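Structural features, examined
Take a look at the letters that make up each chain.
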Amino acid sequence: MSDLVARTGRHQQRYDAGCRLVAGCIPFRCRDSDSSDAESEKIVEVLMINSTSGPGLLFPKGGWENDETVEEAAVREAFEEAGVRGELMDLLGHYHFRSKTLQDMFSLEGLCKAAMFALLVKEELEFWPEQSTRQRKWLVIPQAVESCRHAWMQEALAEGFSKWYAEKEVTENNTHEDVVPICLFFSHRLFIPMFLRAVTTSC
């Protein structure tokens, strides 16, 4: 049962230059499209969870503690908050934000610096530590961008994950197949160019 208890408290919390250090991830999967075409491309979805403090959806994230690496912290948060396990992939970037709820003696202004990773989900657990307060939802990227509660998470998805995934696809599929640029429409303000294969994705 100890595996189903989330860490609490901040006695091991890491700080750097007045910032609380945070680790998190964008869990994702690829599924077949609804098209009957055998060569139709796969659809990339990301997993989001509800916020316990207001509207909008989040990606799993939390404090990076002294007894773990930043990668271990990101994996732990995915398990505790979203109940998923998988392959932790590349670092998407570092994102700064401010949180009134995270103000303390080491970070008086609630400044935080989050390291966000991509996590290829391989297992969705039936039971997980925060299941009583968290609901999970798979969304395609345009829906997820619009659903993000925080602007910095929207940036991590649109600027970080989307570009990383597009570059990964081009690198892994740099064969004789044509690579064509397409543009995903995320909102009336935000366009993210993605260079994907004309046929299928590989994950």
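Presented here is a report on the structure given in the accompanying data block. (Residues numbered from 1 in each chain as written. Predicted model: local features only at pLDDT ≥ 70, side-chain atom pairs only at ≥ 80, totals over all residues. Heavy atoms only, no water.)

Observations concerning the overall build of the chain
Selection rule: Helical segments are the DSSP runs of H or I of at least four residues, strand segments are the runs of E of at least two, and each set is numbered from the N terminus. Relative accessibility decides the category of a residue: with a 1.4 Å probe and only protein chains considered, values under 20% of the type maximum give buried, values over 50% give exposed, and everything between is partly exposed. The contact definition used throughout considers only heavy atoms, calling two residues in contact when any of these lie within 4.5 Å.
For the chain, the helix and strand inventory stands at three helices and 10 strands. Start at the N end of the chain and walk to the C end: the helices and strands fall as β-β-β-β-β-α-β-β-β-α-α-β-β. Residue burial in the chain is summarised as follows: out of 203 residues, 46% are buried. Excluding contacts between residues fewer than 6 apart, the proportion of contacts in the chain whose partners are at least 24 apart in sequence is 70%.

Points about helix α1 (residues 70-82)
Residues three or four positions apart in an α-helix share a direction because the helix packs 3.6 residues into each turn. Put simply, the test is: A helix is expected to reach a length of 1.5 Å times the quantity of its residues less one.
Over its 13 residues, α1 extends 18 Å from the first C-alpha to the last, a length consistent with the 18 Å expected when each residue adds 1.5 Å. With respect to burial, α1 is a largely interior element, 10 of its 13 residues being buried. For α1, the elements touching its buried residues are β2 (19-31), β3 (43-50), β5 (61-63), β6 (84-98), β7 (111-124) and β8 (136-140). Backbone geometry just after α1 places Gly-83 at a positive phi near 65°.

Quick word on the pattern of salt bridges
Counted only if it meets this: Counted as salt bridges are all cases of a side-chain nitrogen of Lys or Arg within 4 Å of a carboxyl oxygen of Asp or Glu.
Under the criterion given, the structure shown has 13 salt bridges. Of the charged contacts in the structure, one is a salt bridge between Glu-124 and Arg-29, with a shortest N-O distance of 3.6 Å. Of this pair, Glu-124 sits in strand β7 while Arg-29 sits in strand β2, and the two are 95 residues apart along the sequence. Arg-29 gets classed as partly exposed once you look at its relative accessible area, which sits at 26%. Here Glu-130 makes a salt bridge to Arg-134, at a shortest N to O gap of 3.0 Å. Across this residue pair, the class does not change: Glu-130 and Arg-134 are buried.

Some details on the packing of aromatic side chains
The cut-off we apply is this: Any Phe, Tyr or Trp ring, taking Trp's six-membered ring, that has another such ring centre within 6.5 Å forms a pair; planes under 30 degrees apart are called stacked, those over 60 apart edge-to-face, and the others tilted. Note on criteria: charge over ring means Lys NZ or Arg CZ within 6 Å of the ring centre, with the direction from the centre no more than 35 degrees off the ring normal.
This structure, assessed with the given rule, holds eight aromatic pairs. Relative to Trp-152, the ring of Phe-97 has its centre 4.5 Å away and its plane inclined at 5°; by these criteria the two rings are stacked. Within this pair, whereas Phe-97 is found in strand β6, its partner Trp-152 is found in helix α3 (residues 151-172), the two being separated by 55 residues in sequence. For Phe-97, a relative accessible area of 13% puts it in the buried group. Taken together, Phe-28, Phe-161, Trp-164 and Tyr-165 form an aromatic cluster joined through their ring pairs. When the ring centre of Trp-128 is taken as origin, the NZ or CZ atom of Arg-136, which lies over that ring, is 4.0 Å away.

Some remarks on the nonpolar core
Note the cut-off: Side-chain atoms within 4.5 Å are what join buried Ala, Val, Leu, Ile, Met, Phe, Trp, Tyr and Cys residues into a set we call a nonpolar core.
By size, the foremost hydrophobic cluster in this structure holds 48 residues, and its most contacted members are Ile-26, Phe-28, Val-46, Phe-59, Met-116, Leu-157 and Phe-161. Top contributing element to this core by residue count: β7, with nine residues.

Quick look at unusual backbone geometry
Negative phi values dominate among residues other than glycine, just as trans dominates among peptide bonds. Even without a glycine there, the phi angle at Ala-17 is positive, about 55°. The topology assignment puts Ala-17 in the loop between β1 (15-16) and β2. Accessibility expressed as a relative area gives 77% for Ala-17, which makes it exposed.

A look at α3
Heads up, the rule is: At any given residue, the bend is defined as the angle formed between two axes, one fitted to the seven residues that end at that position and one fitted to the seven that begin there.
For α3, spanning 22 residues, the distance from its first C-alpha to its last is 30 Å, which sits close to the expected 32 Å at 1.5 Å a residue. Where α3 bends most, at Phe-161, the angle is about 25°.

Remarks on the environment of Lys-163
Among the structural elements, Lys-163 can be located in helix α3. Judged by relative accessible area, Lys-163 falls into the partly exposed class, the value being 33%.

Brief notes about the pairing of β3
Rules: Pairing between two strands is assigned when DSSP locates at least 2 bridges connecting them.
A large share of β3 lies buried, amounting to seven of its eight residues. Sheet analysis places β2 next to β3, joined by four bridges and oriented antiparallel. Counted as the bridge partner of Arg-31 is Ile-43 from β3. Examined bridge by bridge, β3 and β8 share five bridges and lie antiparallel to one another. Bridge pairing in β8 places Val-46 opposite Leu-139.

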